[in-house]
Amino acid sequence: MKPLMTESRDNSSLQALGQASVQIVHDLKNQINGLKLYATFLRKRSERSERPADEVETINKLITGLDRTATDLSMIVEFGQPVELNKQPRTDLRKLMEAVTENLSQSPRMTGALRGPIVLEGQAASLLGDFDTVRLSEALKSISTSAMKMLGGRGPDQSLNILLRRTSTAMQPEGVIEWKGFDALEHDPFHSFAGSDGIRMSLAARVVEAHGGFADRHNDALRVRLPLTS
């Protein structure tokens, strides 16, 4: 009988597999960028030779698809690497979330997402903590974007209601962000890995966890909890 692999060897094999996968994805991204370069050259040549509009449109769709694929591959590479933070002390979680919602409100809405307003509500309590403003902002933006898509599937005129509040545990105060208005979810969108949005949500959850918090679904809401310093 073949001996069972020890836990340390198993972990080492998984780590090696993860590193190899990241390298493969990185190589695929380089190939995609090469294809995009050729497609861009073909578009410029088609525009100079006044090719039919449908041909140019097809090339534009090809370039858009290559861009999307390259972005997804970059995200997978990022997911396969440790989360490194550059925390800034006494960062206001409220202002950070306000900037995220304002950016999403002013940006063009993606296909399939809701057209209704994004409403941020909350208490006026202090929400200061040690946060990496860039990484955490991107994580909260990813969650908000996914929430918009999920609500948009029920009807584009829905509004996205986000509740920001302060609570306390036995250990320390916490800032809680809840994206409200969902039916009871049967799956955990933060750990589903279902397509690009699923990986993006999982990466956002990892960033939250690296800050000492956690992300989960709670009844009819997506929820993030983050430790506060005051």
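Above: the structure in question.
I will try to describe carefully the structure that is included in this document.

Rules used in this analysis
Residues numbered from 1 in each chain as written. Predicted model: local features only at pLDDT ≥ 70, side-chain atom pairs only at ≥ 80, totals over all residues. Heavy atoms only, no water. Helix = DSSP H or I, 4+ residues; strand = E, 2+ residues; numbered from the N terminus. Buried < 20%, exposed > 50% of the residue type's maximum accessible area, 1.4 Å probe, protein only. 1 Å grid on protein atoms, 1.4 Å probe; cavity = no way out; pocket = protein on both sides within 12 Å on 5 of 7 lines; lining within 4 Å. Points joined across faces, edges and corners; volume = space filled by probe spheres on them. Nonpolar A, V, L, I, M, F, W, Y, C, P; charged D, E, K, R; others polar. Polar contact = N/O pair within 3.5 Å; in protein donor to acceptor, adjacent residues only side chain to side chain. Contact = heavy atoms within 4.5 Å.

**Brief notes about the environment of Lys 149**
Here Lys 149 lies in helix H4 (residues 133-152). Assessed through its relative accessible area of 31%, Lys 149 is described here as partly exposed. Measuring from C-alpha to C-alpha, the distance between Lys 149 and Asp 197 comes to 9.4 Å, with 48 residues separating the pair along the chain.

**Brief notes about the layout of surface pockets**
In this structure, the second largest pocket occupies an estimated 200 Å³ of space. What lines the second largest pocket is simply Met 75, Glu 78, Arg 135, Glu 138, Ala 139, Ser 142, Arg 200, Leu 203, Ala 204 and Val 207. Of all the secondary-structure elements, those providing two or more residues to the lining of the second largest pocket are helix H2 (53-79), H4 and helix H5 (195-210). Of the residues belonging to the lining of the second largest pocket, the class tally is five nonpolar, one polar and four charged.

**Things to note about the side chain of Arg 225**
In this fold, Arg 225 is placed in strand S7 (residues 221-227). Engagement of the side chain of Arg 225 in a polar contact is seen with the side chain of Glu 174, the distance being 2.8 Å. Ignoring anything within four residues of it in the chain, the contact list for Arg 225 reads Thr 167, Glu 174, Gly 175, Val 176, Val 208, Gly 213 and Phe 214.

**Quick look at unusual backbone geometry**
The backbone of Arg 90 sits at a positive phi, close to 55°, despite the residue not being glycine. With respect to the helices and strands, Arg 90 occurs in strand S1 (residues 88-92). Under the relative-accessibility criterion, Arg 90 is labelled exposed at 55%.

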